[in-house]
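Residue-level structure breakdown
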Amino acid sequence: MKYTFTQTDFDVFNIDGLENRMAALIENTRPKLEYLGEHFSAYLTEMTGDETYAHVAKHARRTTNPPDDTWVAFSTNPRGYKMMPHFQIGLYNSHAFCMYGIIYESKDKKRLAENWLNNIEKFDNLPEDYQISLDHMKPAKTPLKELSDDELEKGLIRLRDVKKGEFLVGKVYKPGDKELSSDEAFIKDLEQVMENLAQFYHQD
């Protein structure tokens, strides 16, 4: 499959050692991230009206510890994505994901968090199986349906007030999910996720 993550991609993160894991990542998974980057940079440019660039993780700074995840991120800055709200498609050994959000490097996160707080009802428009991540470095995510309104608000207040605060929302895919059964199914579902999350993009 050209775009879709298979068990081989998830299993990359069980390989011991930086060199061996990176070799498998580069051979198996990175080409898919490059293809997803090409498709969705064009898709997001058309959807948002803003020129969008893909940023595929290179893990270049790693010298000892192998990466636990990998991804392609999308932003309107050709040089990087961490400093602004961004879409991201990626995977850990347990799941893949498509999310939109803000991480701690964003210089503008106070204002953006206020925007999200003032429009918190927009989360009610999302499918209840969507999930929230409060730390992009960790695989743990919480389904929206398990969060009370207070907990959701607390997460956004933390984004606003805590330097390391982060907030991302989107969909999780487990190995074997029907959305990963074919390239056509995966691309179609990712496009739908991005359309559902676009309401947050347009208020940023």
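Description of the structure in this document.

**Here's the deal with the nonpolar core**
Of all hydrophobic cores here, the largest spans 48 residues; its most connected members are Leu36, Ile89 and Phe123. Where this core is concerned, the elements lending two or more residues are helix H2 (18–48), strand S2 (70–75), strand S3 (86–91), strand S4 (96–102), helix H3 (109–118), helix H4 (149–161), strand S7 (167–173) and helix H5 (183–203). At nine residues, H2 tops the list of elements feeding residues into this core. Dropping the residues within four chain positions of it, phenylalanine 123 is found in contact with Trp116, Ile132, Leu144, Leu152, Leu156, Phe167, Val169 and Phe200. In this structure, Tyr92, Met99, Ile103 and Leu168 belong to the second largest nonpolar core, which totals five residues.

**Overview of the layout of surface pockets**
The calculated volume of the largest pocket comes to roughly 690 Å³. Contributing to the lining of the largest pocket are 23 residues, with His59, Arg61, Trp71, Tyr81 and Lys82 lying nearest its centre. In terms of residue class, the lining of the largest pocket is built from nine nonpolar, six polar and eight charged. Its boundaries defined by the atoms lining it, the second largest pocket holds a volume of some 190 Å³. Taken together, 16 residues line the second largest pocket, and the ones lying closest to its centre are Thr76, Met84, Pro85, Tyr100 and Tyr201. Listing elements by their share of the lining of the second largest pocket, those giving two or more residues are H2, S2, S3 and H3.

**Regarding the pattern of salt bridges**
Counting across every chain of the model gives ten salt bridges. Note that arginine 111 is salt-bridged to aspartate 108, the shortest N-O span being 2.7 Å. Between lysine 171 and aspartate 189 there is a salt bridge whose closest N-O contact spans 2.9 Å. Here aspartate 189 lies in helix H5 and lysine 171 lies in strand S7, a separation of 18 residues in the sequence. Of the residues examined, aspartate 189 reaches a relative accessible area of 17% and is grouped as buried.

Rules used in this analysis
- Residues numbered from 1 in each chain as written.
- Predicted model: local features only at pLDDT ≥ 70, side-chain atom pairs only at ≥ 80, totals over all residues.
- Heavy atoms only, no water.
- Core = buried A, V, L, I, M, F, W, Y, C linked by side-chain atoms within 4.5 Å.
- Buried < 20%, exposed > 50% of the residue type's maximum accessible area, 1.4 Å probe, protein only.
- Helix = DSSP H or I, 4+ residues; strand = E, 2+ residues; numbered from the N terminus.
- Contact = heavy atoms within 4.5 Å.
- 1 Å grid on protein atoms, 1.4 Å probe; cavity = no way out; pocket = protein on both sides within 12 Å on 5 of 7 lines; lining within 4 Å.
- Points joined across faces, edges and corners; volume = space filled by probe spheres on them.
- Nonpolar A, V, L, I, M, F, W, Y, C, P; charged D, E, K, R; others polar.
- Salt bridge = Lys/Arg side-chain N within 4 Å of Asp/Glu carboxyl O.

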